[in-house]
Amino acid sequence: QVQLVESGGGLVQAGGSLRLSCAASGRTFSYYAMGWFRQAPGKEREFVATINWSGGSTYYADSVKGRFTISRDNAKNTVYLQMNSLKPEDTAVYYCAAKMGRYTIATMTTAMDFDSWGQGTQVTVSS
């Protein structure tokens with residue numbers, strides 16, 4: 001399994017932006033589909049976005065579509081989540097996830113679809 005480390009979380013005002021990064025260990029990063037999930041207090045972990053192995057295909061939750069952008073740099077073993085127009089309801093711990101293989105990423109929208117996880121990074125959006 002790949003090891004994942006998220007960074008870039010913090011406190012931001014509503015309407016602001018943050019960019020999360022997820023650095024992966026190993027030399028096979030380009031073999032992995034990657035995803036971002038989030039979990040707010042008292043709620044289940046929910047899907048945010050996924051990206052395929054090449055970066056050529058992405059898929060988003062309706063709640064973030066048009067505001068968030070997932071991307072990857074396989075040369076740097078890193079996946080990103082650019083978050084714009086943040087809202088208080090975006091407040092959560094954000095997790096990076098990975099699954100080796102080539103998949104139809106629109107079908108990878110649950111936590112059970114991934115088998116490697118980072119420790120999470122807190123994002124807090126104040127009103």
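That block above? That's the structure.
Keep in mind it's a predicted model, so treat the numbers as computed, not measured. (Residues numbered from 1 in each chain as written. Predicted model: local features only at pLDDT ≥ 70, side-chain atom pairs only at ≥ 80, totals over all residues. Heavy atoms only, no water.)

**Q** Got a minute to help me understand the environment of R67 in this structure?
**A** With respect to the secondary-structure elements, R67 resides in the loop between strand 6 (58–60) and strand 7 (68–73). With 15 residues separating them along the chain, R67 and Q82 place their C-alpha atoms 8.3 Å apart. What R67 contacts, discounting residues up to four positions off in sequence, is Q82, M83, N84, S85, L86, K87 and D90. (Helix = DSSP H or I, 4+ residues; strand = E, 2+ residues; numbered from the N terminus. Contact = heavy atoms within 4.5 Å.)

**Q** I tried to follow the side chain of T78 on my own but got confused; where do I start?
**A** Within the fold, T78 resides in strand 8 (residues 78–83). In this structure, T78 is in contact with S21, C22, A23, F29, R72 and D73, ignoring residues within four places of it in sequence.

**Q** Mind showing me how you'd approach unusual backbone geometry here?
**A** Glycine aside, residues mostly have negative phi angles, and peptide bonds mostly take the trans form. For N77, which is not a glycine, the phi torsion comes out positive at approximately 55 degrees. Relative to the assigned elements, N77 resides in the loop between strand 7 and strand 8. Residue classification places N77 among the buried residues on the basis of a relative accessible area of 17%. One non-glycine residue, S85, adopts positive backbone phi at about 50 degrees. Within the secondary structure layout, S85 lies in the loop between strand 8 and strand 9 (92–100). (Buried < 20%, exposed > 50% of the residue type's maximum accessible area, 1.4 Å probe, protein only.)

**Q** So what exactly am I meant to see when it comes to the state of the cysteines here?
**A** Disulfide: a covalent bond connecting the sulfur atoms of a pair of cysteines. Taken as a whole, this structure holds one disulfide when the rule is applied. Across a sulfur-sulfur distance of 2.1 Å, C22 and C96 are joined as a disulfide pair. On the sign convention where negative is left-handed, the bridge of C22 and C96, at about -80 degrees about the S-S bond, is left-handed. Of this pair, C22 sits in strand 3 (residues 18–24) while C96 sits in strand 9, placing them 74 residues apart in sequence. (Disulfide = S-S within 2.5 Å.)

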